[in-house]
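So you can see what is in the structure, the chains are spelled out below.
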Amino acid sequence: MARNLWIGAPGRLREIRQAAKSWDRTAELNVTEFKALEGRVTTFAPTRTIRRLKLSFEWLEPADAQHLAQLARRVGTGRGPLVVLDPASVNLLDPYQAAGQSDVPGGWDHWFTMNGDIALARNAEGITTVDCQDAEAAIGWVHGVWAGWPVEPGMGVSWLLPAGWDPATATAQLDWKAADGKFLSSSHTTGASVTATAPVGAAFVTPVARPGAVGLFGLAGGCLTLDEEPVPHALGDGCPAMAVTAYTDVPSARLPFRNVGIDLVEVRDAAF
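The following paragraphs examine the structure supplied in this document. For clarity, every value in this text was computed on a predicted model and none was experimentally measured.

Concerning the environment of Arg-52
Stage number 1. Within the fold, Arg-52 resides in strand β7 (residues 50-60).
Stage number 2. By relative accessible area, Arg-52 is classed as partly exposed at 29%.
Stage number 3. Put simply, Arg-52 and Leu-255 are 203 residues apart on the chain and 30 Å apart in space, counted from C-alpha to C-alpha.
Stage number 4. Filtering out sequence-adjacent residues up to four positions away, Arg-52 remains in contact with Asp-24, Arg-25, Thr-26, Glu-28, Met-242, Leu-264 and Val-265.
Stage number 5. A polar contact of 2.4 Å, which involves the side chain of Arg-52, links it to the side chain of Glu-28.

What follows is the structure in structure tokens.
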């Protein structure tokens, strides 16, 4: 992954080059325990675990501090959620998406048919598979909030196809899109993976896979990453849409530097 934090509204990301003094990226499990009178314990946990980020910086550069202040105070960022490209993430796919799992029988929450005769279904192990009846068919990955995964021009993006796809026939493809979601161009190669640089005007990228053959193909094990080799079966950290829930700005003794803290939580939408 890119080893610096990128944060901002889609199409207007800023790289924060300074390392955070403290950084907590623990997922919130929300497990509730119920203890019966006889001592037995029952637990309840929601299907999804949300991501939270807590970052604090000492002596942050004035321009970076101003950018974070604008995001926290919702100045010039619009009313939607924010993009946070976490440098510790290995795989930008959704956790369940990377594992080939879906809560929807047809898998439409994570994948879509681009062209050709394709049917999605769950196998006996709970893994989503694609039944391809057309060698020219293509399937795309869905971000869930935006038109694709947020990028900035010049970023190196790598996409590794799910496990088990034949590199001799399969094609790995990256579709670049503008900030309004309009298609710009594609980068593709025959094989298990493709690496390309985000072109001018690109704000989103959509990973695409073409089996190049008729048959049944699993959707577990794919990996989308930035400026780094993709890792098969890497846990999907996701690239969740986030909203600022807390913010501190303390002038440093070394003005004009600032000591800044910012807390964010994963959201499906953010209306203020």
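Okay, back to it.
Observations concerning the pairing of strand β15 (residues 171-177)
Stage number 1. In terms of burial, β15 is largely enclosed, as seven of its seven residues are buried.
Stage number 2. By the alternation rule, side chains of β15 split into Thr-171, Gln-173, Asp-175 and Lys-177 and Ala-172, Leu-174 and Trp-176, which are all buried.
Stage number 3. Here β15 pairs with strand β16 (residues 183-190) via seven bridges, running antiparallel. Pairing of Thr-171 across the sheet is with Thr-190, part of β16.
Stage number 4. Counting the residues between successive antiparallel strands, the hairpin from β15 to β16 contains five residues, one of them, Gly-181, with a positive phi of roughly 90 degrees.
Stage number 5. Pairing analysis gives seven bridges linking β15 to strand β18 (residues 204-210), with the strands arranged antiparallel. The residue of β18 that forms the bridge with Ala-172 is Ala-209.

Analysis parameters
Residues numbered from 1 in each chain as written. Predicted model: local features only at pLDDT ≥ 70, side-chain atom pairs only at ≥ 80, totals over all residues. Heavy atoms only, no water. Helix = DSSP H or I, 4+ residues; strand = E, 2+ residues; numbered from the N terminus. Buried < 20%, exposed > 50% of the residue type's maximum accessible area, 1.4 Å probe, protein only. Contact = heavy atoms within 4.5 Å. Polar contact = N/O pair within 3.5 Å; in protein donor to acceptor, adjacent residues only side chain to side chain. Pairing = 2+ DSSP bridges.

By themselves, these figures tell us nothing about what the structure is for.
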